[in-house]
Amino acid sequence: MIKIGLAGFGDHEELYGKIKPALRLPTYSGHFSIVEIDSSFYAVQPVKNYTKWVEQTPDGFHFIVKAYQGMTGHLRGKKNYYDTKEEMFQAFHHSIHPVIGGGKLAMTLFQFPPWFDCTRQNIDILHETKELMLDVPCALEFRNSSWYSPEYRDKTLLLMEREGWIHTVVDEPQAGSGSVPIVPVATSPEMTLVRMHGRNVGGWNQSQHPDWRNLRYLYRYSTEELEEWRNHLLQLEKSSKVVYTVFNNNSGGDATDNAKELQAMLGSEEQGLAPRQLDLF
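Now for a description of the structure that goes with this document. Keep in mind it's a predicted model, so treat the numbers as computed, not measured.

Basis of the calculations
- Residues numbered from 1 in each chain as written.
- Predicted model: local features only at pLDDT ≥ 70, side-chain atom pairs only at ≥ 80, totals over all residues.
- Heavy atoms only, no water.
- Helix = DSSP H or I, 4+ residues; strand = E, 2+ residues; numbered from the N terminus.
- Buried < 20%, exposed > 50% of the residue type's maximum accessible area, 1.4 Å probe, protein only.
- Contact = heavy atoms within 4.5 Å.
- Areas by Shrake-Rupley, 256 points an atom, 1.4 Å probe, with all protein chains shown as cover.
- Lys, Arg positive; Asp, Glu negative; His and termini not counted.
- Charge placed at Lys NZ, Arg CZ, Asp CG, Glu CD.
- Axes fitted to C-alpha atoms, helices over the stretch in contact; angles between N-to-C directions.
- Parallel < 35°, antiparallel > 145°, perpendicular 65-115°, else oblique.
- Left-handed = near helix turned anticlockwise from the far one by under 90°.
- Nonpolar A, V, L, I, M, F, W, Y, C, P; charged D, E, K, R; others polar.
- Pairing = 2+ DSSP bridges.

Notes on the overall build of the protein chain
Then step 1. Of the regular secondary structure elements, the protein chain holds twelve helices and eight strands.
Then step 2. Oriented by its inertia axes, the alpha-carbon framework of the protein chain measures out at about 55 × 45 × 40 Å.
Then step 3. Here the protein chain, with 281 residues, has 51% of them falling under the buried criterion.
Then step 4. The long-range share in the protein chain, meaning contacts at least 24 apart out of those at least 6 apart in sequence, stands at 77%.
Then step 5. Total accessible area on the protein chain is roughly 12900 Å²; 52% of this is exposed by carbon and sulfur atoms.
Then step 6. One way to put it: in the protein chain the 28 positive side-chain charges average out to a point 3 Å from where the 35 negative ones average out.

So, the side chain of serine 95
Then step 1. Here serine 95 is to be found in helix α5 (residues 85-95).
Then step 2. With relative accessibility at 2%, the residue serine 95 sits in the buried group.
Then step 3. When sequence neighbours within four positions are dropped, the list of residues in contact with serine 95 reads Val44, Gln45, Val47 and Tyr50.

Concerning the packing of α5 against helix α7 (residues 120-132)
Then step 1. For the pair α5 and α7, interaxial distance at closest approach is 10 Å and the crossing angle is 45°. Between α5 and α7, the crossing angle belongs to the class labelled oblique. Judged by the sense of rotation from one axis to the other, the crossing of α5 with α7 is right-handed. Residue-level inspection shows Lys85, Glu86, Phe89 and His93 of α5 in contact with α7, the latter providing Glu128, Thr129 and Leu132.
Then step 2. Here the contact of α5 with α7 is composed, by residue class, of two nonpolar, two polar and three charged.

Considering the pairing of strand β5 (residues 138-141)
Then step 1. Residues Cys138 and Leu140 line one face of β5 and the alternating positions Ala139 and Glu141 line the opposite face, and both faces are buried.
Then step 2. Of the strand pairs in this sheet, strand β4 (residues 105-111) and β5 are connected by four bridges, and their pairing is parallel. By the bridge assignment for β5, leucine 109 is matched with alanine 139.
Then step 3. Across two bridges, β5 lies against strand β6 (residues 166-171) in parallel orientation.

See the structure below:
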């Protein structure tokens, strides 16, 4: 099965127009049956947020929850509000409990930073991270090309398979060591994650620009590029029961159109779910 969705549910006016925030997720779930939660990267979310999101979505809807930045080494001198690594992971586990209990967690996503290269020390960090996550499904995304160099590519994939990591296959600009190539290989028979970041080479490494986040993901996939990905997804589906595909090219409002076009290419009957009726007042 191939499931398609978007990164975030709150900033897609192209999908639902200008509506109250409380209506966005229920409306979104009428179009797509998966969503990636990105706010969890910036702060471990309160339990009440996840409880609300679970209640707002119909049965069969699933969340991909991004790991907190302190868990992936992104802080680099910024304040960490947890005294120990164990405390930080325990807080994250506690926060996502409603999603697990509601049967709506697809996986957590560990996206490591561009400076997290293929070294013995970082492999040890992956071991420890997987142990701290217990039996929660974990997807692994790299942002350093060394993991897929000719020398390490097969070993990287074998490591993920052996330790139970879900491979995150990415489409992103090829812009130096801080980006990775398309490696359409499944490491879990249960799930594979695909993240579509766009191919804006000029905007990918503009971290000094005040609007760099929008520049990075400003891209609209062509029909030809989506046809290329349809073929990749159909191949991945032969190795994983579910292939979760998330469009992250949100800056120009292109993610929704691209996701729906790819759905149509796949002839997918998986077009979202009937929104749950909510008493909002």
